[in-house]
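Fold and geometry: a report
Residues per chain are reported as follows:
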Amino acid sequence: MKKVILGLGSNRTFKDMTPVQILDAACSELSNILENPVFSSIYISKAMYVTDQEDFYNMACTGYVPDDENPYDFLDKIHLIENKYGRDRSKEIRFGPRSLDIDIEDFGEMVSENPVLTLPHPRIKERAFVLIPVLELFSESAEDLQRRGFLEVFSRLENKDEVKLFRKRNP
């Protein structure tokens with residue numbers, strides 16, 4: 001099985017759902033495509049890149065997919081979940097508001113760089129709103145090499161104080 005790390009974010013309502021409700025619903029959907037998923041707490045942070053928008057609610061998820069799972073097919077599944085909760089890439093501003101954004105941060109040991117999917121995610125090293133929930137997920141495995149790598153990157157970030165806990169994860 002391959003370990004997958006996902007970053008989730010929302011700052012726009014969809015139908016009668018708040019961003020937090022959308023994240024909760026997305027977690028249920030992800031439970032159908034991941035084995036043994038674990039979800040972080042939800043954090044709130046200011047928007048990056050395009051700052052004139054509502055704050056984002058962010059979280060992370062880790063789980064497993066079969067060894068033969070193709071990351072592009074997995075990305076298609078994620079896009080279906082995003083679409084179900086109101087995401088329409090044809091009508092959005094890059095880095096702008098969105099009802100649901102699910103990024104593949106890491107997909108096993110895969111390294112890929114192309115216009116469709118870059119792995120590991122190219123901006124994870126600058127995003128405290130991703131690293132804080134990811135580190136929470138890895139908090140129980142202090143010897144994990146991946147966790148140590150994330151901690152090293154996180155220690156160099158200047159914007160880490162801008163991410164605040166919104167709701168603790170359910171046990």
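Scroll up a little and you will see the structure.
As a starting point, this report considers the structure included with it. Chains are numbered independently. Their residues run from 1 in the order of the written sequence. Side-chain atom pairs in this predicted model are given and counted only at pLDDT of 80 or more, local residue features only at pLDDT of at least 70, and totals for whole chains, interfaces and linings cover all residues. The side-chain figures draw on all heavy atoms in the structure; neither hydrogens nor water molecules are used.

**Overview of the side chain of Thr62**
What counts is decided by this rule: The way it works is that DSSP assigns letters per residue, a run of H or I at least four long becomes a helix, a run of E at least two long becomes a strand, and they are numbered from the N terminus. Polar contact is the term for a pair of N or O atoms within 3.5 Å; when the atoms are in protein, one must be able to donate a hydrogen and the other to accept it, and sequence-neighboring residues count only if both atoms are side-chain atoms. We call two residues in contact when some of their heavy atoms are within 4.5 Å.
Within the secondary structure, Thr62 is located in strand E4 (residues 56-65). Reaching out from Thr62, the side chain makes a polar contact with the backbone oxygen of Val4 at a distance of 3.0 Å. Residues in contact with Thr62, not counting those within four places in the same chain, are Lys3, Val4, Ile5, Asn36, Pro37, Val38 and Leu137.

**Comments concerning the nonpolar core**
Note the following rule: The set of buried Ala, Val, Leu, Ile, Met, Phe, Trp, Tyr and Cys residues whose side-chain atoms join them within 4.5 Å is what this entry labels a nonpolar core. A simple rule labels every residue: compare its accessible area, found with a 1.4 Å probe on the protein chains alone, to the largest value its type can have, and call it buried under 20%, exposed over 50%, or partly exposed in between.
Grouped together as the largest cluster of nonpolar side chains are 30 residues, with contacts concentrated most on Leu6, Leu8, Leu34, Phe74, Leu100 and Ile104. Residue assignment for this core shows that the elements contributing at least two residues are strand E1 (2-10), helix H1 (19-30), strand E3 (42-45), E4, helix H2 (71-84) and strand E5 (101-107). Broken down by element, this core gets its largest block of residues, 7 residues, from H1. Beyond its immediate sequence surroundings of up to four residues, Leu8 is in contact with Leu23, Ala26, Leu30, Tyr57, Asn58, Met59, Ala60, Cys61, Asp101 and Ile102. Residues Phe129, Val130, Leu131 and Ile132 belong to the second largest nonpolar core, which totals 13 residues.

**Remarks on the pattern of salt bridges**
Our working definition: What makes a salt bridge here is a side-chain nitrogen of Lys or Arg within 4 Å of a carboxyl oxygen of Asp or Glu, nothing more.
For the structure on display, the rule yields 11 salt bridges. Between Glu29 and Lys84 there is a salt bridge, and its shortest N-O distance comes to 2.6 Å. In this pair, Glu29 sits in helix H1 while Lys84 sits in helix H2, placing the two residues 55 residues apart along the sequence. What makes Lys84 partly exposed here is its relative accessible area of 47%. Glu92 is the salt-bridge partner of Arg98, the closest N and O atoms lying 3.7 Å from each other. For Arg98, a relative accessible area of 8% translates into the label buried. Sharing partners across several salt bridges, the network here consists of Glu82, Arg87, Arg89, Glu92, Arg98 and Asp101.

**Focus: the state of the cysteines**
Should the sulfur atoms of two cysteines be covalently bonded, the bond is a disulfide. We count it as follows: When two cysteine sulfur atoms are found within 2.5 Å, that pair is recorded as a disulfide.
Within the structure shown, the criterion is met by 0 disulfides. Of the cysteine sulfurs around Cys27, a residue in no disulfide, the closest is that of Cys61, at 6.5 Å. The exposure class of Cys27 is buried, given its relative accessible area of 11%.

**A short note on the layout of surface pockets**
Applicable threshold: Here a cavity denotes a set of grid points, spaced 1 Å apart and computed over the protein atoms alone, in which a 1.4 Å probe fits but from which it cannot get out, and a pocket denotes an open set meeting protein on both sides within 12 Å along at least five of seven lines; residues with an atom within 4 Å of a point are reported as lining. Grid points are joined across faces, edges and corners, and a volume is the space filled by probe spheres set on the points. Each residue gets one of three labels, nonpolar for Ala, Val, Leu, Ile, Met, Phe, Trp, Tyr, Cys and Pro, charged for Asp, Glu, Lys and Arg, and polar for the others, Gly among them.
Reported here for the largest pocket is a volume of approximately 830 Å³. Elements with a minimum of two residues in the lining of the largest pocket: E1, E4, H2, E5 and helix H3 (128-137). Of all the elements, E5 adds the most residues to the lining of the largest pocket, at 5 residues. Taken together, the residues that form the lining of the largest pocket break down as 16 nonpolar, 9 polar and 11 charged.

**Some thoughts on unusual backbone geometry**
With a phi angle near 55°, Lys15 is a residue other than glycine that sits in the positive phi range. With a phi close to 50°, Asn36 is a non-glycine residue in the positive phi region. Considering the arrangement of structural elements, one finds Asn36 in strand E2 (residues 35-39). The exposure class of Asn36 is exposed, given its relative accessible area of 59%.

**Concerning the environment of Pro37**
Turning to its location among the elements, Pro37 is positioned in strand E2. For the pair Pro37 and Gly63, spaced 26 residues apart in the sequence, the C-alpha separation amounts to 4.2 Å. Dropping the residues within four chain positions of it, Pro37 is found in contact with Ser31, Cys61, Thr62 and Gly63.

That is the geometry; function is a separate question.
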